[in-house]
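# Geometric and topological summary
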Amino acid sequence: MRLLLPILLLSQIIACQPSTDQEPNSDTTTQPNIVFIMTDDHAKNAMSVYGSKLIETPNLDRIGKEGIVFNRSYVTNSICGPSRAVFLTGKYSHINGFKDNSDRFDGSQVTYPKILQKNNYYTAVVGKWHLKSVPEGFDYWNVLIGQGDYYNPTMVNMGDTLDHTGYTTSVITDLAIEVLDQKIPSDKPFCLMVHHKAPHRNWMPDSVHLALGEQRYPLPDNFYDSYENRPAAAQQDQVISRMFMSSDMKLDPARVPVETETGGSQDNSNIAQGWQRLYDGLTPSQKAYWDAYYMPISDEFFDADLQGNDLVEWKYQRYINDYLKCIMSVDDNVGRLLDYLEQAGQLDNTWIIYTSDQGFYLGEHGWYDKRFMYEESFGMPLVMRYPELIKPGTVNNNLVLNLDFAPTVMDLLQIPTDQPWQGQSILPLMKGSQHEIHPDGVYYHYYEYPHGWHKVKRHYGISTSRYKLIHFYHDIDHWELYDLQQDPQEMNNLYLTADPGLIQDLKDKLKKLQQAYGEDPANFLPS
Ligand code: CA
């Protein structure tokens, strides 16, 4: 026992030694590298670690199996730009100012990459940005313009516009590897954000996956939903039956000169031209394999003259086939990135995160797209690998939010800040705790209506581990209550029949969360 004190003192003395310029970040426990991989619209039902019946995603699964799988991770506002802004700021949409995709991100506000940059991190983002304003807080950025294209993307490299040739998921991965290989100073830890366009609409697969051919997938049980007691669900425009015949179904552009479906748009007059532009943007070799795959599909379709449910189910198969192939490319490319990190000896000292900006419908309720607070679009995949802190095979079933990410970064890296983060650190959960970090439930608010796409009415709500209460308030005044244990597909709205005490308890918790997050319900009374 006597020896303990000198050993302890010696370790303290060593720990207190000022870092040399050559080795400022040798403590991997407090300063891991970070690789944050985010896709766009990846449904948990299309990832095998979440039990997908549709696809195998071995490389994405590997991150979770060798680390942690969060089974109940959610977004605070299920749409692209707003979710990204929440990840970056750790604050709700009404605080960070990016409430829907018509907004522009105020880049002058505090984000976690900015804090990392001030704390000796090399910070970089490649791929989809979609926040309109110029990326701030990055030593290097190379991003798609707007949504970006699936093939031969034009990207903005630190202000310079450059055209690339190739499949965008692979191009973005090449750029990420280039950053790792060539750009990061050897004396700094890094935070690299790899943001894929895939699998966002309009789901154009790569050649290697087209070679797999068209498969037949099972319809979800609730594909033919009648939306009983759910008027907001009935009045959306994101049904597969109305998907674009041109850019979604990928019929021969010459045979669809005018788009006939709404596709969730308020104005479909330029959709067919947009599809022609994408098709014309393919190189001759890309066009050769594209035509070999899609022209026979197009010919068969026009010969068959499908009607009614046959037509709807044909559209579902077309949609799912293309969507899943885009995920396959993501999986292959994430594998390539992991292989690079492994070969570079960087795999185990890098905190790797894979997530999506929100979930997506793969035919549940008859839908594609996102926006609703229902599980498929409210939830998103979240897996992490960092063996220094996360035991392989960890599974967590607590409620966590995209809002929690920025404060978690600060907690894990032990960077004190005076930021009024609205999320909670999930670091204890990463270490194996099953403690609820949102014991009163999580708060959600979607705003993009009546402008924008898909006619999903504005709503806010609360989800506890078992119940979900939603209020659609704009252009409607309608409440929904679900028992997620009894009704995980959210088909049975219990609001009019449930115990009033349960409803009051949820409303009290909802009000408490709104007050805590600085959202004034008077601003969104039914109208
Ligand atoms: Ca998205």
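No experiment lies behind these values; they were computed from the predicted model shown.

Criteria and cut-off values
- Residues numbered from 1 in each chain as written.
- Predicted model: local features only at pLDDT ≥ 70, side-chain atom pairs only at ≥ 80, totals over all residues.
- Heavy atoms only, no water.
- Buried < 20%, exposed > 50% of the residue type's maximum accessible area, 1.4 Å probe, protein only.
- Helix = DSSP H or I, 4+ residues; strand = E, 2+ residues; numbered from the N terminus.
- Pairing = 2+ DSSP bridges.
- Core = buried A, V, L, I, M, F, W, Y, C linked by side-chain atoms within 4.5 Å.
- Contact = heavy atoms within 4.5 Å.
- Salt bridge = Lys/Arg side-chain N within 4 Å of Asp/Glu carboxyl O.
- Donors = N, O, S within 2.8 Å, 3.2 Å for Na, K, Ca; no water.
- Axes fitted to C-alpha atoms, helices over the stretch in contact; angles between N-to-C directions.
- Domains from an automatic or database assignment.
- Buried area = accessible area lost by both parts, 1.4 Å probe.
- Polar contact = N/O pair within 3.5 Å; in protein donor to acceptor, adjacent residues only side chain to side chain.
- Nonpolar A, V, L, I, M, F, W, Y, C, P; charged D, E, K, R; others polar.
- Expected span 1.5 Å × (residues − 1).
- Arc of directions from axis to C-beta.

## Here we look at the pairing of strand S15 (residues 467-472)
- Burial analysis of S15 places six of its six residues in the buried class, the great majority of the element.
- Every second residue of S15 is oriented toward a common face, with Tyr 467, Leu 469 and His 471 on one face and Lys 468, Ile 470 and Phe 472 on the other, all of them buried.
- Relative to S15, strand S14 (residues 459-463) runs antiparallel, the two sharing five bridges. Along S15, the bridge assignment pairs Ser 463 with Lys 468.
- The hairpin formed by S14 and S15 contains three residues between the paired strands.
- Alignment of S15 against strand S16 (residues 478-483), held across six bridges, turns out to be antiparallel. Bridge pairing in S16 links Tyr 467 to Asp 483.
- Counted between consecutive antiparallel strands, the loop separating S15 from S16 contains five residues, among which Asp 475 sits at a positive phi close to 70°.

## A short note on the nonpolar core
- In terms of nonpolar packing, the biggest core is built from 89 residues, with Tyr 112, Leu 116, Trp 351 and Met 384 touching the most fellow members.
- The element best represented in this core is helix H13 (residues 405-413), accounting for six residues.
- Discounting chain neighbours no more than four positions away, the residues touching Leu 116 are Ile 34, Tyr 121, Thr 123, Cys 191, Val 409, Met 410, Leu 413 and Ile 415.
- Listed in part, the 76 residues of the second largest apolar core include Val 256, Tyr 294, Leu 337 and Leu 362.

## A look at the pattern of salt bridges
- In this structure the tally under the stated criterion is 28 salt bridges.
- With a closest N to O distance of 3.0 Å, Glu 66 and Arg 62 form a salt bridge.
- Overall, Glu 66 belongs to the partly exposed group, its relative accessible area being 27%.
- The shortest N-O distance in the salt bridge between Arg 242 and Glu 261 comes to 2.5 Å. Placement of Arg 242 in the loop between helix H8 (231-234) and helix H9 (271-280) and of Glu 261 in the loop between H8 and H9 is noted, with a sequence separation of 19 residues between them.
- Its relative accessible area of 33% is what places Arg 242 among the partly exposed residues.
- Linked through salt bridges whose partners overlap, the residues forming this network are Asp 41, Asp 369, Lys 370, Arg 371 and Glu 448.

## Describing the coordination of the calcium ion
- For the calcium ion, the full set of protein donor atoms is Asp 40 (OD), Asp 41 (OD), Cys 80 (SG), Asp 357 (OD), Asp 357 (OD), Gln 358 (OE1) and Gln 358 (NE2), and the range of their distances to it is 2.2 to 3.0 Å.
- Along the chain, the residues donating to the calcium ion are arranged with the sequence spacing D-D-x38-C-x276-D-Q. Separated by 277 residues along the polypeptide, Cys 80 in helix H3 (residues 80-89) and Asp 357 in the loop between strand S9 (350-356) and helix H12 (375-378) bring together distant segments of the chain. Asp 357 carries the same exposure label as Cys 80, and that label is buried.

## Focus: the sheet that holds S15
- With respect to topology, four strands assemble into an open sheet ordered S13-S14-S15-S16, the strand pairing being antiparallel. Here the strands that pair on one side only, and so sit at the sheet edges, are strand S13 (442-446) and S16. On average, each strand axis in the sheet is tilted by 15° relative to the strand beside it, whichever way the strands run.
- In this fold helix H15 (residues 500-516) packs onto S13, S14, S15 and S16, with an angle of close to 110° to the strand it touches most, S14.

## A short note on the domain arrangement of the chain
- Domain assignment breaks the chain into domain 1 (2-202 + 321-430), domain 2 (231-317) and domain 3 (444-523).
- Averaged C-alpha coordinates put domain 1 and domain 2 at centres separated by 32 Å.
- Contact with domain 1, which involves 21 residues of that partner, is made by 27 residues of domain 2.
- Summing both partners gives a buried area of about 1800 Å² for domain 1 against domain 2, and 45% of it is carried by carbon and sulfur.
- When the area that domain 1 buries against domain 2 is broken down by residue, the three leading residues are Tyr 151, Asn 202 and Tyr 368, summing to 34%.
- The interface formed by domain 1 and domain 2 contains three salt bridges.
- Across the pair Asp 248 and Arg 201 runs a salt bridge, and its minimum N-O distance is 2.6 Å.
- Counting every contact that joins domain 1 to domain 2 gives 15 residue pairs in polar contact (both at pLDDT 80 or more).
- Taken together, the residues that form the side of domain 1 that touches domain 2 break down as seven nonpolar, seven polar and seven charged.

## Considerations on H15
- Compared with the 24 Å implied by 1.5 Å per residue over 17 residues, the 24 Å span of H15 between its first and last C-alpha is a close match.
- Those residues of H15 that fall on the buried side of the exposure criterion are Leu 502, Ile 503, Leu 506, Leu 510, Leu 513 and Gln 514. On an axial view of H15, the arc spanned by its buried residues comes to 105°, and they lie on one face. Residues Pro 500, Lys 512, Gln 515 and Ala 516 are exposed on H15 and point more than 90 degrees away from its buried face.
- Between the side-chain oxygen of the N-cap and the backbone nitrogen of Gly 501 there are 2.8 Å, and the N-cap of H15 in question is Asp 499.
- Where H15 ends, the next residue or the one after it, Gly 518, has phi of about 75°, a positive value.

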